[in-house]
Structure formats: structure tokens, C-alpha cells
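The residues making up each chain are set out below.
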Amino acid sequence: MESPNHTSLDSSVFVLMGIPGLEQFHLWLSLPVCLLGTATVVGNITILAVIATEPALHKPMYLFLCMLSTVDLAASFSTVPKLLAILWCGAGHISASACLAQMFFIHAFCMMESTVLLAMAFDRYVAICHPLRYTTILTDTIIARIGVVAMVRGSILMLPCPFLIQRLSFCQSHVIPHTYCEHMAVVKLACGDTRPNRIYGLTAALLVIGVDLFCIGLSYFLIARAVLRLSSHEARSKALGTCGSHVCVILISYTPALFSFFTHRFGHHVPLHIHILLANVYLLFPPALNPMVYGVKTKEIRERVVSVFQKGQGTGLKALE
């Protein structure tokens, strides 16, 4: 018979603290969160609208960018509303089912994003190393299958985590020192043997970050080798220029992810609020910055966005005349 001090997950209500130690700055911290959330919605919707309405952009690279924008939007909607509620009103209460759902979607979308970034690296590899076979390798069917694989991979890898947590008992605090239901933050509140949760969480992270980074690095090694074999300096610059946006997005996405991962696993003396800030940087910055990078560095998207704004200004001036 279960001890009265032990609470089953089904009847639990958790409380998200926000950022412990920085409670007095919650209102101020909500300003950049709100700006980043707005930038994420506006930027990614703009990218999706531009690519959807411009037939010339219906190419593999831009279709993968649509996948990235869709995943970024979904991940933002999974985190930002509750985060702002915590920072603005201290509304940190969250039911167990909602907590598990948020945990699943946040981590699953992050895994999907990593898979899409890997697919984009493969796209650049084919475009530069096998340009004559580009359209035959990356057909619409293959692109659709890659999108399905990204969804299934993220969902399947994350699916066991909520079930592993449901078997645990929570006999101590139900206060989660975090801004969202992060997997290990919830596991640390549980009583009993949490080794299966810790091992699976580490394994899933290594399978995604480790494997994807290795494959992306291999793709760019092969790209660099092919580019260096080109005789023309102009051709080398043009080939590398097509990879610029993707390289920037990889750095924006993986740098905070790796910092968060290593400080969480090995930075035992790092203050808790630093862990949480890094985790939020990992979730908030890439979705907001990715569309800006592609909007600035990709000529076709930039010209399309500028033309839309120019048409809007022209229409406004005519209305005033």
C-alpha cells in the first residue's frame, strides 16, 4: 500500500517557479520574451507566406525552410504563453497532464528541428556536390518523406519520457524550479529510482544532438572538399555563399543547446538561474532569429518581402490621395 506521503502523478498539480533568484526581475525579463515571441510569430509567418505565394521559391531548400518555420512556430506556442503568464502574473500552477503534454511537445519539437536542420545540410551537400542530380534526388516525394521522418522521429524518441515519469511517485515538493516542464527538472522532484529516466533522457539527447551534429559536420566536410577543388575563386565564393544562411542557423540553434546540455550535466557549481536562462535562450532565440537570417541572407526571400512592403506603401499612398 502506498504511503500517504507519496502522491501519484495523476492527482498532482505542479507549480512552475520561473527563474529562482531572479523573481524581482520577472517583469523586466518578460519584455525580451514578449519581443522574441512576437518576432517568432511575425518572422516565421512571413517566411511561410512568402514561400507559399511565390512559385519560384517552391524548391527543396525553401520547402525545408517552411518545415523549420512550422516547427519553430509550434515550439514557440508550446512555451511562450505559459512563460509570459509566469513572468507577468506568477501563474505557475499547471496540472500533471498539462505538464507532461508541454514536456512532450517542447522536446519533440526540438528534436524535429534538429532533423530538419540535418535535412537542410543534406540539401546543400547535394546542391554543391551533385548539382546535376539535385532535382532527381530531392523530389517532392522525398522531401515529403523527410518531413514525415522528422515528425515521427521526434515523437517516437520523446514518447517514452512521459510514461517513464508516470510510474514515479512525488513525495516531496511539487514546485518545479524552472519556467517550463523540462524533463530532468520534473524527474528531480520524484522519489525512488529515477535512473531509467536519467539514462533514457541522456540517450535520447545524444541520439539527436550527437548523431545530427556528426552528420551535419560530415556534410560540410564533403562540401568544403568539393568547393576547394573548384578552380574559380568566384565559383568557390558562390558555392559557399549558398551555405551561409544554413551555417548561421546551425550556430544559432546548436550553440545554446550545447551550452545548456553541458552546464546541466557537468556544471554542478553553475547557479540555477544560469541553467534556466540558458534553457530559455535555447528555446526562444533560434525561432526568432532563424527567419531574420534567411530574410537577410537569402536574396530571393529578401526581394520578395521588400516588394510586398513596397506594394503596401504604394496602396496606402493611393488611398490617401
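Residues numbered from 1 in each chain as written. Predicted model: local features only at pLDDT ≥ 70, side-chain atom pairs only at ≥ 80, totals over all residues. Heavy atoms only, no water.

1. Concerning the packing of helix α2 (residues 60-89) against helix α11 (residues 272-297)
One way to put it is that α2 packs onto α11 with a least axis distance of 10 Å and a crossing angle of 140°. Between α2 and α11, the crossing angle belongs to the class labelled oblique. Considering the relative orientation of α2 and α11, their crossing is left-handed. Of the residues in α11, those in contact with Leu-65, Leu-68, Asp-72, Thr-79, Val-80 and Leu-83 of α2 are Asn-280, Leu-283, Leu-284, Pro-286, Pro-287, Asn-290 and Tyr-294. (Axes fitted to C-alpha atoms, helices over the stretch in contact; angles between N-to-C directions. Helix = DSSP H or I, 4+ residues; strand = E, 2+ residues; numbered from the N terminus. Parallel < 35°, antiparallel > 145°, perpendicular 65-115°, else oblique. Left-handed = near helix turned anticlockwise from the far one by under 90°. Contact = heavy atoms within 4.5 Å.)

2. Quick look at empty space enclosed by the protein
Going through the model one piece at a time under the given rule, you end up with three cavities of 30 Å³ or more. Here the largest cavity is characterised by a volume of approximately 50 Å³. Lining the largest cavity, in full, are Met-61, Met-120, Asp-123, Arg-124, Thr-242, Ser-245, His-246 and Tyr-294. Listing elements by their share of the lining of the largest cavity, those giving two or more residues are α3 (96-129) and α10 (244-266). The element best represented in the lining of the largest cavity is α3, accounting for three residues. The residue makeup of the lining of the largest cavity, split by class, is three nonpolar, three polar and two charged. (1 Å grid on protein atoms, 1.4 Å probe; cavity = no way out; pocket = protein on both sides within 12 Å on 5 of 7 lines; lining within 4 Å. Points joined across faces, edges and corners; volume = space filled by probe spheres on them. Nonpolar A, V, L, I, M, F, W, Y, C, P; charged D, E, K, R; others polar.)

3. Overview of the layout of surface pockets
Taken as a whole, the largest pocket holds about 890 Å³ of empty space. Lining the largest pocket are 43 residues, with His-107, Tyr-180, Glu-182, Ser-260 and Tyr-282 sitting closest to its centre. Contributions of two or more residues to the lining of the largest pocket are made by α2, α3, α7 (183-187), α8 (195-228), α10 and α11. Taken together, the residues of the lining of the largest pocket sort by class into 26 nonpolar, twelve polar and five charged. The computed volume of the second largest pocket comes to approximately 390 Å³.

4. Brief notes about helix α5 (residues 140-158)
Given 3.6 residues per helical turn, the α-helix brings residues three or four places apart onto the same face. Taking 1.5 Å as the rise per residue, α5 with 19 residues should run 27 Å; its terminal C-alpha atoms sit 28 Å apart, in good agreement. Packed against the buried residues of α5 are α2, α3, α6 (160-166) and α8. (Expected span 1.5 Å × (residues − 1).)

5. Observations concerning the pattern of salt bridges
For the structure on display, the rule yields three salt bridges. Of the charged contacts in the structure, one is a salt bridge between Asp-123 and Arg-124, with a shortest N-O distance of 2.8 Å. Across the pair, exposure class does not vary: Asp-123 and Arg-124 are buried alike. Between Arg-153 and Asp-212 there is a salt bridge, and its shortest N-O distance comes to 2.9 Å. Placement of Arg-153 in helix α5 and of Asp-212 in helix α8 is noted, with a sequence separation of 59 residues between them. Assessed through its relative accessible area of 0%, Asp-212 is described here as buried. (Salt bridge = Lys/Arg side-chain N within 4 Å of Asp/Glu carboxyl O. Buried < 20%, exposed > 50% of the residue type's maximum accessible area, 1.4 Å probe, protein only.)

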